[in-house]
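This is what each chain is made of:
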Amino acid sequence: MMNVTVVQDSQTETRRRIVDTADRLFRDIGYQKTTVADIAKALRMSPANVYRFFESKKAINEAVAERCMAEIEGELSRIAGSRKPAAERFREAVETYHGMNAERYTAHHRMHEMVEVAMTESWEVVSRHIERVDAIYRRIIADGVASGEFVVDDVEVATRCAHVALVRFCHPTLIVQCASQPGPTLGQMIDFVLAGLGHRSRATARRR
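Residues numbered from 1 in each chain as written. Predicted model: local features only at pLDDT ≥ 70, side-chain atom pairs only at ≥ 80, totals over all residues. Heavy atoms only, no water.

Colleague: Quick question: what am I supposed to make of the overall build of the protein chain here?
Modeller: Broken down by element type, the protein chain carries 12 helices and zero strands. Tracing the protein chain from N to C terminus, the helices and strands come up as α-α-α-α-α-α-α-α-α-α-α-α. Within the protein chain, the proportion of its 208 residues that are buried is 42%. Considering only contacts within the protein chain whose residues lie at least 6 apart along the sequence, 70% involve residues at least 24 apart. Here the protein chain has roughly 11,200 Å² of accessible surface; of this, 54% comes from carbon and sulfur atoms. (Helix = DSSP H or I, 4+ residues; strand = E, 2+ residues; numbered from the N terminus. Buried < 20%, exposed > 50% of the residue type's maximum accessible area, 1.4 Å probe, protein only. Contact = heavy atoms within 4.5 Å. Areas by Shrake-Rupley, 256 points an atom, 1.4 Å probe, with all protein chains shown as cover.)

Below, the structure is given as structure tokens:
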């Protein structure tokens, strides 16, 4: 049993090192220019050994993308779990989501390239991320309904409407494409969505 655990730990560590190295190379020279041979060389191992852990470069890209997305989801979950009013949590979550995507993917064009490939070749990875962010928004909106801050008939529908309304500010590709386009600011759009959720302050909700 001990030997099995040691082997599993070693395999987990090797996978982590491969993902770390791929992440660094994707940032330094770009996803398209990075080969599995480059990753193997940086790790001082053979390409065949890399393929023992990841069946393709696509699989490595998915692992890098999933880790980046998991870090974002972790921060959004932390915000959702705070004791702040729901409207404050919603605003902070959206601003954080926008800020982290802008910093990680749009400010670094080589990482943006990686995201573009993931959206084309590994949509299921991106789709799962969207569903997890939906769940975080849903938690905040449901809390707002329970506290009387929000007034909506269907939390599920309200969540999806809010998410779609804000996609321009959170989708890595749209952040870039819409940067110079006319339109509301992020703050204005959040205000609009909160109004759509029937936002009332806690003090107002208590008086009603």
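Colleague: Honestly, the side chain of Lys57 in this entry has me stumped. Any pointers?
Modeller: Counting through the fold element by element, Lys57 comes out in helix H4 (residues 57-80). By relative accessible area, which is 19% here, Lys57 ends up buried. Among all residues touching Lys57, those that are not within four sequence positions of it are Tyr31, Gln32, Thr34 and Val36.

Colleague: Help me understand the pattern of salt bridges in this model?
Modeller: Two side chains that carry opposite charge are able to pair once their charged atoms sit near each other. Applying the stated rule across the entire model yields 16 salt bridges. A salt bridge links Arg89 to Asp143; the nearest nitrogen and oxygen atoms lie 2.9 Å apart. Here the residue Arg89 occupies a position in helix H5 (residues 86-106), and Asp143 occupies one in helix H7 (residues 123-147), the gap between them amounting to 54 residues. Of the residues examined, Arg89 reaches a relative accessible area of 5% and is grouped as buried. The shortest N-O distance in the salt bridge between Arg160 and Glu156 comes to 3.4 Å. Of this pair, Arg160 and Glu156 are both found in helix H8 (residues 155-165), four residues apart, which corresponds to roughly one turn of the helix. Each member of the salt-bridge network shares a partner with another, and the members are Glu13, Arg16, Asp20, Asp23, Arg27 and Arg67. (Salt bridge = Lys/Arg side-chain N within 4 Å of Asp/Glu carboxyl O.)

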